[in-house]
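Single-letter residue listing:
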Amino acid sequence: MQPYTHTNAHILIVDDESRVTDALRRGLAYEGYQVSSANDGEAALALARTRRPDVIILDIMLPGIDGLEVCRRLRAAHNEAAILMLTARDTVADRVAGLEMGADDYLVKPFALEELLARVKALLRRKQPAESAGEILCFEDLELDTATRQARRMSRVIDLSTTEYELLALFMRNPRMVLTRGLLMERIWGNDFEGGANVLEVYIGHLRQKLEKNGEKRLLRTMRGTGYVLRSSDQGERNTL
């Protein structure tokens, strides 16, 4: 896979405030990114289909189709762009709503350009697999292809968002090992992430829904008061769900 660089990463800005769009366009272009923009949901969906951005900076409050619905439709269409959601409302419910629709990260307005640039760079790093040739990670009937970033249970293909892939890959590289909430937050979101543990709970729920969609047995288990573990059986362990 071609590594992401400033010269080939494409960023799509979706915001109906022209001053925000103009400022972000200048800042991102100065950093060397290819930048396009849309001021409503319909235009954003059209651009995402034709130009295939690597990162979408998506405001929640848009005329017509709002940002949450744009995010939902992108994920339903298997668009794998990393989505950074912008919100003017700093509440847990608003943040969780965006993550549940498939966003990878969020930023509360007003924000510093330097912070947004750091979030974009982090999302691009997470989109770039560390393995050059790719490998197949296996646990029981679950497989994860690090080249295509798709999971599979038996014959069923499971599409994953950027964050879902990173989280599942971490578990599959550490099977049967209890990973604490702190470690998971640090490895996936970084030390400076302010979203709180509820973000992790949302993504664990996403993964479970996708991995168990056809009634398959649970592999991703909760260790009460500690974290999570990828394990096939919890027999004899009363603190595991």
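Definitions and cut-offs
Residues numbered from 1 in each chain as written. Predicted model: local features only at pLDDT ≥ 70, side-chain atom pairs only at ≥ 80, totals over all residues. Heavy atoms only, no water. Core = buried A, V, L, I, M, F, W, Y, C linked by side-chain atoms within 4.5 Å. Buried < 20%, exposed > 50% of the residue type's maximum accessible area, 1.4 Å probe, protein only. Contact = heavy atoms within 4.5 Å. Axes fitted to C-alpha atoms, helices over the stretch in contact; angles between N-to-C directions. Helix = DSSP H or I, 4+ residues; strand = E, 2+ residues; numbered from the N terminus. Parallel < 35°, antiparallel > 145°, perpendicular 65-115°, else oblique. Left-handed = near helix turned anticlockwise from the far one by under 90°. Nonpolar A, V, L, I, M, F, W, Y, C, P; charged D, E, K, R; others polar. Pairing = 2+ DSSP bridges. Arc of directions from axis to C-beta. Expected span 1.5 Å × (residues − 1). Polar contact = N/O pair within 3.5 Å; in protein donor to acceptor, adjacent residues only side chain to side chain. Salt bridge = Lys/Arg side-chain N within 4 Å of Asp/Glu carboxyl O.

Identification of the chain as DNA-binding response regulator from Ktedonospora formicarum is taken from an unreviewed UniProt entry.

**Quick look at the nonpolar core**
Membership of the largest hydrophobic core comes to 52 residues, with the highest contact counts inside it found for Ile-56, Leu-58, Leu-144, Leu-167, Leu-168 and Phe-171. Leave out the neighbours within four places in its chain, and Leu-168 touches Leu-142, Leu-144, Ala-151, Leu-160, Leu-207 and Leu-211. Judged by nonpolar contacts, the second largest core, of 19 residues, contains Ile-11, Tyr-33, Leu-117 and Leu-123.

**Remarks on the packing of helix H1 (residues 18-30) against helix H5 (residues 113-127)**
Between H1 and H5, the shortest axis-to-axis distance is 11 Å and the interhelical angle comes to 60 degrees. Viewed along their axes, H1 and H5 adopt a mutual orientation that is oblique. Our pair here, H1 against H5, has a crossing hand that is right-handed. Where H1 abuts H5, its residues Leu-24, Gly-27 and Leu-28 lie against Leu-113, Leu-116 and Leu-117. Among the residues forming the contact of H1 with H5, the class breakdown is 5 nonpolar, 1 polar and no charged.

**Considerations on the sheet that holds strand S11 (residues 220-223)**
Spatial ordering of the open sheet is given by S10-S12-S11, a layout of 3 strands whose pairing is antiparallel. The outermost strands of the open sheet, each flanked by one partner alone, are strand S10 (179-180) and S11. When S10 meets strand S12 (residues 227-230), the two strands line up antiparallel, connected through 2 bridges. Residue pairing across strands places Thr-180 opposite Gly-227, the latter belonging to S12. Its contacts with the sheet put helix H6 (residues 162-172) on S10, S11 and S12, and the angle it makes with S12 is roughly 65 degrees.

**Concerning helix H7 (residues 181-189)**
Along H7, the residues classified as buried are Leu-184, Met-185, Ile-188 and Trp-189. The arc enclosing the buried residues of H7, seen along the axis, measures out at 100 degrees, which places them on a common side.

**Overview of H1**
An α-helical turn contains 3.6 residues, so any two residues separated by three or four positions project in the same direction. The end-to-end C-alpha distance of H1, which contains 13 residues, comes to 18 Å, matching closely the 18 Å that a straight helix rising 1.5 Å per residue would cover. For H1, the secondary structure elements touched by its buried residues are strand S1 (10-14), strand S2 (34-38), strand S3 (55-59) and H5. Gly-32, located one to two residues past H1, shows a positive phi value of around 100 degrees.

**Digging into the side chain of Thr-222**
Note that Thr-222 resides in strand S11. Note on Thr-222: relative accessible area 11%, which makes it buried. A polar contact is formed between the side chain of Thr-222 and the side chain of Arg-208, at a distance of 2.7 Å.

**A short note on the pattern of salt bridges**
Within the structure shown, the criterion is met by 18 salt bridges. With a closest N to O distance of 3.0 Å, Arg-119 and Glu-115 form a salt bridge. With Arg-119 and Glu-115 both in helix H5 and 4 residues apart, the pair spans about one turn of that helix. Between Lys-217 and Glu-140 there is a salt bridge; the shortest N-O distance is 2.9 Å. Residue Lys-217 is located in the loop between helix H8 (197-211) and S11, and its partner Glu-140 is located in the loop between strand S6 (136-139) and strand S7 (142-145); the two are separated by 77 residues in the primary sequence. Taking the relative accessible area as the measure of exposure, Lys-217 reaches 43% and is therefore partly exposed. If you follow the salt bridges from partner to partner, you end up with Asp-15, Glu-17, Arg-19, Asp-59 and Lys-109 in one network.

**Focus: unusual backbone geometry**
With omega at -5 degrees, the peptide bond leading from Lys-109 into Pro-110 counts as cis. Topologically, Pro-110 is positioned in the loop between strand S5 (105-108) and H5. Non-glycine residue His-78 carries a positive phi angle of around 65 degrees. Of note, His-78 is situated in the loop between helix H3 (67-76) and strand S4 (82-87). The phi dihedral of Met-154 falls on the positive side, at around 55 degrees, and the residue is not glycine. Looking at where Met-154 falls in the secondary structure, it is placed in the loop between strand S8 (150-153) and strand S9 (156-159).

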